[in-house]
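Descriptive structure summary
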Amino acid sequence: DVKVTQSSRYLVKRTGEKVFLECVQDMDHENMFWYRQDPGLGLRLIYFSYDVKMKEKGDIPEGYSVSREKKERFSLILESASTNQTSMYLCASIAVGLAVGEQYFGPGTRLTVT
Amino acid sequence: GENVEQHPSTLSVQEGDSAVIKCTYSDSASNYFPWYKQELGKRPQLIIDIRSNVGEKKDQRIAVTLNKTAKHFSLHITETQPEDSAVYFCAAKVITGGGNKLTFGTGTQLKVEL
């Protein structure tokens, strides 16, 4: 059973703080993704990574950065949190050999920036 | 890049009725179309998918149809039950190699009423 875990379910941070969201998967997946989910906007891709130390911008990368030092871990970084980054953040992973098939999601982190 | 539009944003049906959710995509190179179901407070999970070389796929009460010419695909749920109540997301992917990424629709909140 694939497990994708995220470091926190709920997080409250202040404007200007540096925020780290961590994602870990235990199935040796090469591809990992970070999305944010907002009502009426669906799931929007922030960044993704094809392999260790590789990263690519998604559709809304502004204000975010990522780190993939180990295959199982993909971190999302908010360099200076702002209120418009209040959202649900979902991590996902899929094996590189699976061009089709389920992309497994983590449980999500609900981030509130005050 | 790819753009996926999904309609309706909310759908309410009586138990036992059918529900249809429609999506359109913009990139004619997209060749894989999964549907995800997200129950309240839970992570999205794959329920059915279809590749572009297939026009229709069925799995018990769920079916997906694809019209490549018109660039739209639909999810059909028959004999709806209360446990079908959830948010449904369509997505499109261009399968080109290891670096595949999904573009999601904005989601449909389905409510099955008793």
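For clarity, every value in this text was computed on a predicted model and none was experimentally measured.

1. Describing the nonpolar core
Ranked by size, the top nonpolar core spans 23 residues in total, and within it B:Trp35, B:Phe73, B:Leu75 and B:Leu110 carry the most contacts. When contributions to this core are tallied by element, the ones reaching two or more residues are strand E2 (10–14), strand E3 (19–25), strand E4 (32–38), strand E5 (45–51), strand E7 (62–67), strand E8 (72–77), strand E9 (86–93) and strand E11 (108–113) of chain B. Core analysis: the second largest hydrophobic core is formed by 20 residues, A:Trp34, A:Phe74, A:Leu76 and A:Leu111 among them.

2. Focus: the interface of chain A and chain B
Taken together, the contact pairs 26 residues of chain A with 21 residues of chain B. Joining chain A to chain B, the criterion identifies zero salt bridges. One can count five residue pairs in polar contact (both at pLDDT 80 or more) joining chain A with chain B.

3. Let's talk about the sheet that holds strand E1 (residues 4–7) of chain B
Residue and element names in this part refer to chain B. Strand order across the open sheet formed by five strands is E1-E3-E8-E7-E6, with antiparallel pairing between neighbours. What marks the edges here is a single partner per strand, and that holds for E1 and strand E6 (56–59). Neighbour-to-neighbour, the strand axes of the sheet open up by a mean angle of 15°, direction not taken into account. Two elements, E7 and E8, share six bridges in a ladder whose sense is antiparallel. Bridged to Val 64 within E8 is Leu 75.

4. Observations concerning the pattern of salt bridges
A complete count under the given rule lists eleven salt bridges over all chains for this structure. Ionic pairing is found between A:Asp38 and A:Arg36, a salt bridge with its closest N-O pair at 2.8 Å. Of the residues examined, A:Asp38 reaches a relative accessible area of 11% and is grouped as buried. Using a relative accessible area of 8% as the deciding quantity, one classes A:Arg36 as buried. In this structure, B:Asp49 and B:Lys57 form a salt bridge, with 2.8 Å as the shortest nitrogen-oxygen distance. By relative accessible area, B:Lys57 is classed as partly exposed at 35%. Among the ionic contacts, a cluster of salt bridges with common partners joins A:Asp28, A:Glu30 and A:Lys71.

Calculation rules
Residues numbered from 1 in each chain as written. Chains lettered and ligands numbered in written order. Predicted model: local features only at pLDDT ≥ 70, side-chain atom pairs only at ≥ 80, totals over all residues. Heavy atoms only, no water. Core = buried A, V, L, I, M, F, W, Y, C linked by side-chain atoms within 4.5 Å. Buried < 20%, exposed > 50% of the residue type's maximum accessible area, 1.4 Å probe, protein only. Helix = DSSP H or I, 4+ residues; strand = E, 2+ residues; numbered from the N terminus. Contact = heavy atoms within 4.5 Å. Salt bridge = Lys/Arg side-chain N within 4 Å of Asp/Glu carboxyl O. Polar contact = N/O pair within 3.5 Å; in protein donor to acceptor, adjacent residues only side chain to side chain. Pairing = 2+ DSSP bridges. Axes fitted to C-alpha atoms, helices over the stretch in contact; angles between N-to-C directions.

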